[in-house]
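# Close look at the chain arrangement
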Amino acid sequence: MKITPDITKAVSILRAGGLVAFPTETVYGLGADAANATAVDSIFRVKERPSQHPLIVHISSTEQLGDWAINISPQAWQLARAFWPGPLTLVLKKHPGVLENVTGGQETVGIRIPKHAIAQNLLSAFGGGIAAPSANKFTHISPTHAEAVKEELGGQVALILDGGDSEIGLESTIIDMSSDAPRLLRPGMISRFAIEEVLDTPIVGMGSNAKVRAPGMHALHYAPRTKTSVIEMSQLPHYINTLSREDLPCVVLTHSNLRVAAHKGIDVISLPNNPVAFARDLYRTLRAVDKKGYREIMIEKVPSKREWEAINDRLAKASGQK
Ligand code: TXA
Ligand code: MG
């Protein structure tokens, strides 16, 4: 563990009930002492997030798991051993002591051990659980670098720890392990298939369960403020023809290096052609183009292959598809 002056400061802010934004390998989190109800309440206030949306509790090691969760199944332990520390959140039966505003009143709690060195150092130095959603306003794009947190939450957070660019760039995979049948609640860069391989059993998808408030149920989630659509590249020329002068300027984000004919008022930005690098760059790029005053952001449809599942999920949400 490395205790820098920043970590010391962050720990004292958390102990006093304040908020600290910190880097993780997925996205930046807005952290509060998960055992302090007033501190947790202020997360909802600053994010402008409805109070029924539960928070993920971040811990530094599996030794703390018993403070937050009970009835942890052998399968849940298998996933913890395989993927922690890392970009996986396990939804487990909550310990009776877990605050209601952390769980949104549900009987389960989401837990993650992040891998980023600064998150690890902060959690070890703090000693307890840190409740942290992504450090953005409700429904907006998650921040993947410190400057983005400042844009989102600016003066409303006492300290922003700068850990550079988030390596993964998309939020963690969330899997509900609180009942017999594991259920994927949010796809992430730890794929459904990687999880199935460890558990040696198929994972049910994100089927509807009225009782569970699954992530991103709002139509617009993880969304830029600019109108955003996902378009097959083959449809693009036709689509562009339908645009009138008032629809410009707009921007096309392409990953396939397909050449989009130069066109006045239409900018083209290339994203990487592999899912890992695409995920890493996506939110930073969306955030940048969102500031440019475009009338529309058009994103080239990505493959329907398994490695792109999390990206497909976020693009559907960014463009307001269900
Ligand atoms: O990668 C991540 O998971 C980031 C970093 C900071 O750890 N955190 C994050 O938190 O994305 P947030 O709050 O933006 O998204 C967490 C999602 C929420 O949509 C919430 O509904 C869901 O996790 N969640 C949390 N606890 C849950 C529970 N007990 N049951 C079902 N869903 C839960
Ligand atoms: Mg979020």
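What counts, and at which threshold
- In this numbering scheme, every chain counts its residues from 1 along its sequence in written order.
- The order in which chains are written sets their letters, starting at A; the order in which ligands are written sets their numbers, starting at 1.
- The predicted origin of the model limits local features to residues at a pLDDT of at least 70 and limits the giving and counting of side-chain atom pairs to 80 or more, whereas totals for whole chains, interfaces and linings rest on all residues.
- As a rule here, side-chain values come from all non-hydrogen atoms in the structure, and water together with hydrogens is ignored.
- Paired rings are identified among Phe, Tyr and Trp, the last through its six-membered ring, by centres lying within 6.5 Å, and are further divided according to the angle between planes into stacked (under 30 degrees), edge-to-face (over 60) and tilted (the rest).
- Put simply, DSSP marks the helices as runs of H or I at least four residues long and the strands as runs of E at least two long, and each gets a number from the N terminus on.
- Think of it in three bands: with a 1.4 Å probe and only protein chains considered, a residue is buried below 20% of the maximum accessible area for its type, exposed above 50%, and partly exposed in between.
- Geometrically, a lysine NZ or arginine CZ counts as sitting over a ring once it is within 6 Å of the ring centre and also within 35 degrees of the ring normal.
- Regarding the arc, it is the one traced by the directions from the helix axis to the C-beta atoms.
- Residue contacts follow a heavy-atom distance rule, with two residues in contact if any of their heavy atoms lie within 4.5 Å.
- One requirement defines pairing of two strands: DSSP has to find at least two bridges between them.
- Helix axes are fitted to C-alpha atoms over the stretch in contact, other axes to C-alpha atoms as well, and angles between N-to-C directions run from 0 to 180 degrees.
- An angle below 35 degrees is treated as roughly parallel, one above 145 as roughly antiparallel, one from 65 to 115 as roughly perpendicular, and anything else as oblique.
- By convention the crossing between two helices is left-handed if the near helix lies anticlockwise of the far one by an angle smaller than a right angle, and right-handed if it lies clockwise.
- Residues are grouped as follows: Ala, Val, Leu, Ile, Met, Phe, Trp, Tyr, Cys and Pro are nonpolar; Asp, Glu, Lys and Arg are charged; all remaining types, including Gly, are polar.
- Nonpolar core, defined: a set of buried Ala, Val, Leu, Ile, Met, Phe, Trp, Tyr and Cys residues in which side-chain atoms within 4.5 Å join the residues together.

The next subject is the packing of aromatic side chains. As enumerated under the stated definition, the model contains one aromatic pair in all. Considering the side-chain rings of phenylalanine 278 and tryptophan 308, the 5.4 Å spacing of their centres and the 70 degrees angle between planes classify their relative orientation as edge-to-face. Highlighted residues: phenylalanine 278 in helix α10 (residues 275-290) and tryptophan 308 in the loop between β14 (296-300) and α11 (309-318), separated in sequence by 30 residues. By relative accessible area, phenylalanine 278 is classed as buried at 1%. Its guanidinium or amino end placed over the ring of phenylalanine 193, arginine 306 lies 4.1 Å from that ring's centre, counting from NZ or CZ.

When helix α4 (residues 74-83) is considered as a whole, its buried residues turn out to be Ala76, Leu79, Ala80 and Phe83. Each buried residue of α4 sits inside an arc of 100 degrees when the element is viewed along its axis, so together they form one side. Away from its buried face by more than 90 degrees, α4 exposes Pro74 and Arg81. Contacts made by the buried residues of α4 are with β5 (88-94), β9 (173-176) and α8 (192-199).

To continue, consider the pairing of β14. Among the five residues of β14, five are classified as buried, and the element is accordingly described as predominantly covered. Burial along β14 is two-sided: the residues Glu296, Met298 and Glu300 and Ile297 and Ile299 are all buried. Across five bridges, strand β11 (residues 227-231) lies against β14 in parallel orientation. Bridge pairing links serine 229 to methionine 298 in β14. Two strands pair when backbone bridges link them, and strand β12 (residues 250-254) and β14 are joined in this way by four bridges, in the parallel orientation. Its bridge partner being in β14, valine 251 is matched across the sheet by isoleucine 297.

One can describe the packing of helix α1 (residues 5-15) onto helix α6 (residues 117-126) by two numbers: an axis separation of 9 Å at closest approach and a directional angle of 55 degrees. In terms of their interaxial angle, α1 and α6 are classed as oblique. Regarding α1 and α6, the two cross each other, and that crossing is right-handed. Contact residues: α1 offers Ile7, Ala10, Val11, Leu14 and Arg15, while α6 offers Ile118, Asn121, Leu122, Ala125 and Phe126. For the contact of α1 with α6, the class distribution of residues is eight nonpolar, one polar and one charged.

Another point: the environment of alanine 76. Topologically, alanine 76 is positioned in helix α4. In the structure, alanine 76 is positioned 100 residues away from aspartate 176 in sequence and 9.1 Å away in space, judged by C-alpha atoms. For alanine 76, the residues in contact, after removing those within four places along its chain, are Leu90, Leu92 and Met177.

Take the nonpolar core next. Ranked by size, the top nonpolar core spans 44 residues in total, and within it Leu79, Leu88, Leu90, Leu92, Ile111 and Ile195 carry the most contacts. If you list the elements that add at least two residues to this core, you get β2 (29-33), α2 (37-47), α3 (65-68), α4, β5, β6 (108-112), α7 (146-153) and α8. If one sorts the elements of this core by residue count, α2 sits on top with five residues. Discounting chain neighbours no more than four positions away, the residues touching leucine 88 are Leu79, Phe83, Ile111, Arg112, Ser172, Thr173, Ile175, Ile190 and Ile195. Val27, Leu271, Ile299 and Leu315 belong to the second-largest nonpolar core, a separate cluster that totals 21 residues.

Another point: the packing of α10 against α11. Axis separation between α10 and α11 bottoms out at 10 Å; the angle between their running directions is 30 degrees. Compared by their axis directions, α10 and α11 come out roughly parallel. Crossing geometry of α10 relative to α11 is assigned as left-handed. Where α10 abuts α11, its residues Pro275, Phe278, Ala279, Leu282 and Tyr283 lie against Ile311, Arg314 and Leu315. A class-by-class count of the residues in the contact of α10 with α11 yields seven nonpolar, no polar and one charged.

Turning our eyes to something else, we now look at unusual backbone geometry. Of note, the bond from tryptophan 84 into proline 85 is cis; its omega dihedral lies within 30 degrees of zero at -10 degrees. Relative to the elements of secondary structure, proline 85 occurs in the loop between α4 and β5. Of note, the amide linkage connecting leucine 248 to proline 249 takes the cis form, showing an omega dihedral of 0 degrees. Looking at the element boundaries, proline 249 is found in the loop between α9 (236-242) and β12. With phi around 75 degrees, threonine 139 is a residue other than glycine that occupies positive phi space. As for its placement among the helices and strands, threonine 139 is situated in the loop between β7 (130-131) and α7. A positive phi angle, near 60 degrees, is found at aspartate 200, a position not held by glycine. By secondary structure assignment, the location of aspartate 200 is in the loop between α8 and β11.

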